[in-house]
Amino acid sequence: MKSKKWHVRWLVICCLGLIACSDQKETEKAEAAPESTAVEEAKEVIPTAARTVEEMIEQPAGKLIEEYMDPKIEAARTVDYVRYFRFYEDEFSDMMKEQLSSYFKEHPDAKADEIYDYLVFQLGSGQYKGLYEQLASYEHGYVMPELPDGEDEIEIAKRQKTNIVILMDASGSMKGEVDGRIKMDLAKEAIENFTSQLDNEVNVALFAYGHKGAGTQADKALSCGAIDEVYPLSSYNKNSFHDAMESFGASGWTPLAGAIEKAAAYLASYDREEYRNIVYIVSDGIETCGGDPVEAATQLNASDIEAKVNIIGFDVDDEGQAQLKQVAEAGGGQYATVRNQSEFEGVLIKKWKPSMMQVLSQQGVKLHEMVHQWEDLYAIYDPLSNLSTRERIRIVDAAYYLKNQKLIDEEEGSKVIELAKQMGEMRDEHFVSLKDQKGEEAEKAMKEIDDAVEAWQEKWKKELENE
C-alpha cells in the first residue's frame, strides 16, 4: 500500500516539474520576443527613391545631407561654387564613403534599384521644393506704364461730374520719417498740392482714418472706428482744405477696409451715369483692424456708382505693397508705390495731355529693369540647377567608390550610375524648361510694353507737333 502511494506521489511531482519547465520556457520566449521585435524594428526601412520629377521635388533630404551639409553650402550659387566644392572634397566625401561602406558590407548582394534607393536615402537633396515653387510662381515684374489717352478722358469729363474722395491713413506708422521728414507732413503737402490743381467743376472730399487713440491694444476699438469726414464733398477751397488737413495727425491703427466701406456709403447716391467717382487711398501699410480691404474694394467697384479705387503706397514694405496692390486691382484702379515726396506728387498730379518732353522721355522696359529681371530669375534657377547637379555627382561618386572597393557588383554599380544620370537629366530638363518659359513670358511682356509706349509716343508727337 505504501509503495503504491509513493509511486503516485512521484508521478505527481514529475508532472508538476514538467509543467514548471514548460512555463519557464514560455516565459523565456515571451521575454525574448520583445527584444527580437525591437531589433527588427530598429532596422531602417529604405524608401523607394523618386523616379519622377514631381516625386523628386517633394523628396526629403538624405540622412547624411541633413546631418552634415549646411543647406546654404549645398545650394551655393555657381559664382560661389568653391564653398560647396571645398566642403565636399575636404570633409564630406571621406565621411560619406565610410558610412556607405559599413552599410554595403552588410548588403553585398544589393541590386541596382536597392543601391540607388539607399544612396538617395543618404545623399539626396531636400531643397528642391522651396526653390521650385519660387520658380513656378516667378513674375517678371514688368508693369505697363500709365499711358493716358487724353481724348477719351476729356470726353468722359464733358459728360460727367467728377467726385474725388481722398482717404488719408493717419495710423501711427505715418509718424515715421522719409528723407528726414515726417511721412504724414510730406503726404499732407503733396495732397494739398494735388487738390489745388483740380478744376472748379471737380468735387473733392477728405476722410482721415485711424487718427484717434494711441496705437495701443486698449485704444484699438476707438482707433479702428475712427473714420471721419474732415472736408465735405465740394469744390476745392484752399483755406478750408488746409484747415481740414491740420485737424488730425498720425495716431493709431489702420482700418483700411472700414474706410473703403465708408467711402462706398458716402458716394452711394452718385450713380455712374452722371458722376465719375474716384477714390484715392494714401497709406503706408496694411489693414490692422481685422477687416477685408480687398472685399471692400471689390464691392465698391461692383456697385452702381462703379467707383475706382486708386492706392498710393507711401514708403511701404513688401508685405504692405502686396496687400495694397491687391486692393487696388480689386477696386478697378491703379496702385503706385512711392518712396519720397517728389514721387508722391508725380503719381497724384497727372495731366491728360503730356508735354513733348514727357512724350520723348517716356520709356518702355528700362535696361536696369531687364537686368534686374534676369538676375532675379537666375537667383532662383541657379541654385535649383546646382542642387540637381550636385546630387547626381554625389550619387555617381558613391557608386564608383563602391564598385572600386568591390562592395557592390560591377554591373549593378554601372546601372546605378546610369540611373543617377537619367534622373539628373530629367530634373535638369524640367527646370530649364520652366526657367525658359518664365524668360519667354518676360520677353513677351517687355515687347508688349515697348510696342505700346512706342505707339503712344507716335500719337502724342503728332498731336503736339500740330498745335
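Residues numbered from 1 in each chain as written. Predicted model: local features only at pLDDT ≥ 70, side-chain atom pairs only at ≥ 80, totals over all residues. Heavy atoms only, no water.

With the rule as written, the count across this model stands at 16 salt bridges. The closest approach of N and O atoms between Arg51 and Asp113, which form a salt bridge, is 3.4 Å. With Arg51 in the loop between helix H1 (2–42) and helix H2 (53–58) and Asp113 in helix H6 (residues 112–123), this residue pair connects regions lying 62 residues apart in the sequence. You can call Arg51 partly exposed: its relative accessible area is 26%. A salt bridge links Lys461 to Glu458, with the nearest nitrogen and oxygen atoms 3.3 Å apart. Of the two residues, Lys461 and Glu458 are both situated in helix H18 (residues 410–465); the distance of three residues between them amounts to about one turn of the helix. (Salt bridge = Lys/Arg side-chain N within 4 Å of Asp/Glu carboxyl O. Helix = DSSP H or I, 4+ residues; strand = E, 2+ residues; numbered from the N terminus. Buried < 20%, exposed > 50% of the residue type's maximum accessible area, 1.4 Å probe, protein only.)

Relative to each other, helix H12 (residues 256–266) and helix H13 (residues 293–302) sit at 15 degrees, their axes nearing to 8 Å. When the axis of H12 is compared with that of H13, the two are roughly parallel. Once H12 is placed against H13, the crossing between them reads as left-handed. In this structure, H12 uses Leu256, Ala257, Ile260, Glu261 and Ala264 to contact H13, whose residues at the interface are Pro293, Ala296, Ala297 and Leu300. When grouped by side-chain class, the residues that make up the contact of H12 with H13 number eight nonpolar, no polar and one charged. (Axes fitted to C-alpha atoms, helices over the stretch in contact; angles between N-to-C directions. Parallel < 35°, antiparallel > 145°, perpendicular 65-115°, else oblique. Left-handed = near helix turned anticlockwise from the far one by under 90°. Contact = heavy atoms within 4.5 Å. Nonpolar A, V, L, I, M, F, W, Y, C, P; charged D, E, K, R; others polar.)

Relative to the helices and strands, Glu391 is located in helix H17 (residues 367–404). A relative accessible area of 1% places Glu391 in the buried class. Here the side chain of Glu391 touches Arg427 through a polar contact of 3.4 Å, side chain to side chain. For Glu391, the residues in contact, after removing those within four places along its chain, are Gln59, Leu123, Gly124, Ser125, Tyr128 and Arg427. (Polar contact = N/O pair within 3.5 Å; in protein donor to acceptor, adjacent residues only side chain to side chain.)

Once that is clear, we can look at the environment of Asn193. Here Asn193 shows up in helix H9 (residues 183–196). For the pair formed by Asn193 and Lys238, sequence separation is 45 residues and the distance between their alpha carbons is 9.9 Å.

Moving on: the confidence of the model for the protein. Across the protein, pLDDT averages 83, with 83% of residues at or above 70. Below a pLDDT of 50 lies the segment residues 1–42, which in the model reaches zero contacts outside its immediate sequence neighbourhood of four places, other chains included. Across residues 151–158, where pLDDT falls below 50, the model places four contacts with residues more than four positions away in sequence or in other chains. (pLDDT = per-residue confidence, 0-100.)

For the rest of this paragraph, the subject is a negative patch on the surface. A surface patch of like charges, here negative, comprises Glu89, Asp90, Glu91, Asp94, Glu98 and Asp397. The element best represented in the negative patch is helix H5 (residues 81–106), accounting for five residues. On the secondary structure map, Asp397 appears in helix H17. (Patch = residues over 30% accessible without salt bridge, like charges linked within 9 Å, V, L, I, M, F, W, Y side chains within 5 Å. Areas by Shrake-Rupley, 256 points an atom, 1.4 Å probe, with all protein chains shown as cover. Lys, Arg positive; Asp, Glu negative; His and termini not counted. Charge placed at Lys NZ, Arg CZ, Asp CG, Glu CD.)

All right, on to the state of the cysteines then. Considering all chains together, one arrives at one disulfide under this definition. There is a disulfide in this structure between Cys224 and Cys289, and the S-S distance comes to 2.0 Å. An S-S torsion of about -85 degrees defines the bridge between Cys224 and Cys289 as left-handed. In this pair, Cys224 is assigned in helix H10 (residues 220–224) and Cys289 in the loop between strand E6 (275–283) and H13, connecting sequence segments 65 residues apart. By relative accessible area, Cys224 is classed as buried at 17%. (Disulfide = S-S within 2.5 Å.)

A word on the nonpolar core. One recurring pattern in soluble globular proteins is that nonpolar side chains are buried together. In this structure, Phe92, Phe104, Tyr116 and Leu119 are the most contacted members of the largest nonpolar core, which totals 51 residues. Put simply, the parts of the chain that give this core at least two residues each are H2, helix H3 (63–68), H5, H6, helix H7 (128–136), H17 and H18. For this core, the leading source of residues is H17, giving ten residues. With residues up to four places along the chain from it excluded, the contact list for Phe104 reads Ala110, Ile115, Tyr118, Leu119, Leu402, Leu407 and Ile408. In terms of nonpolar packing, the next biggest core, distinct from the first, is built from 28 residues, Ala205, Phe207, Ala263 and Ile305 among them. (Core = buried A, V, L, I, M, F, W, Y, C linked by side-chain atoms within 4.5 Å.)

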